[in-house]
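Spelled out, the chains give:
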Amino acid sequence: MAVIQWTDSLATNVSKFDEQHKRLIKMINDLHEAMSSGKGKEAAGKVLVDLVNYCGTHFSAEEKLMITHNYPEYAAHKKLHDDLTKQALELKKGYEEGKPVITIELLTFLRNWLTNHINGTDKKYGPFLKSKGVA
Ligand code: FEO
């Protein structure tokens, strides 16, 4: 069973970022699948590392476009990205050091963080970027 389902209610209507959000959702679901199907710690760890890396790629892409168009809420948005990135890198380091970081609590945290961030923060840039001609 999926931990998160994409629904249109999560759409920012910036197509590139909606696709990236779908990919992040899939990665969280893949992490859950790797944990619950007994694929083992290494398989789950690989998904976790990919997820942390892809978060960086996604955040950078959003920030670049916000800067390009002088998005007025850029600084506050970037701070949220930076806080999560710091936590994610600590998690990745913990995993690489052999700590038991891949847990149900982690999945719950990732699911809540992503859905809250998309709904409460990312969706605000949608109308702004659309007004600048971003597809
Ligand atoms: Fe889609 Fe602001 O992360």
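Structure shown above.
Residues numbered from 1 in each chain as written. Predicted model: local features only at pLDDT ≥ 70, side-chain atom pairs only at ≥ 80, totals over all residues. Heavy atoms only, no water.

J.: So what about the packing of helix 2 (residues 41-68) against helix 3 (residues 74-96)? Which residues, and what values?
T.: A pair of packed helices is characterised by two quantities: the angle between their axes and the separation of those axes. One can describe the packing of helix 2 onto helix 3 by two numbers: an axis separation of 10 Å at closest approach and a directional angle of 160°. One finds that helix 2 runs roughly antiparallel with respect to helix 3. The crossing of helix 2 and helix 3 is left-handed. Along the lines of polarity and charge, the residues of the contact of helix 2 with helix 3 split into 13 nonpolar, five polar and seven charged. (Axes fitted to C-alpha atoms, helices over the stretch in contact; angles between N-to-C directions. Helix = DSSP H or I, 4+ residues; strand = E, 2+ residues; numbered from the N terminus. Parallel < 35°, antiparallel > 145°, perpendicular 65-115°, else oblique. Left-handed = near helix turned anticlockwise from the far one by under 90°. Nonpolar A, V, L, I, M, F, W, Y, C, P; charged D, E, K, R; others polar.)

J.: Give me the lowdown on the side chain of His58, citing residues and values where you can.
T.: With respect to the secondary-structure elements, His58 resides in helix 2. Under the relative-accessibility criterion, His58 is labelled buried at 1%. Residues within four places of His58 in sequence aside, it is in contact with Phe17, Gln20, His21, Leu24 and Asp122. (Buried < 20%, exposed > 50% of the residue type's maximum accessible area, 1.4 Å probe, protein only. Contact = heavy atoms within 4.5 Å.)

J.: How would you sum up the environment of Trp6? Please name residues and give values.
T.: With respect to the element layout, Trp6 can be found in the segment before helix 1 (15-36). Exposure remark for Trp6: the relative accessible area of 24% places this residue in the partly exposed category. Once the C-alpha coordinates of Trp6 and Thr57 are considered, the two residues, 51 residues apart in sequence, prove to be 20 Å apart. Ignoring any residue separated from it by four or fewer positions in sequence, one finds Trp6 in contact with Ala11, Asp18, His21, Lys22 and Ile25.

J.: Just give me the short version of the pattern of salt bridges, but keep the residues and values in it.
T.: What the rule picks out here adds up to nine salt bridges. Linking Glu19 and Lys22 is a salt bridge whose minimum nitrogen-to-oxygen distance equals 3.3 Å. In this pair, Glu19 and Lys22 both sit in helix 1, three residues apart, roughly one turn of the helix. The class of Lys22 is partly exposed, set by a relative accessible area of 32%. Close ionic contact of Asp30 with Lys26 constitutes a salt bridge, the shortest N to O distance being 2.9 Å. Placement of both Asp30 and Lys26 in helix 1 is noted, with a separation of four residues, approximately one turn of the helix. Residue classification places Asp30 among the partly exposed residues on the basis of a relative accessible area of 30%. When salt bridges that share partners are traced, they join Glu63, Lys78 and Asp82 into one network. (Salt bridge = Lys/Arg side-chain N within 4 Å of Asp/Glu carboxyl O.)

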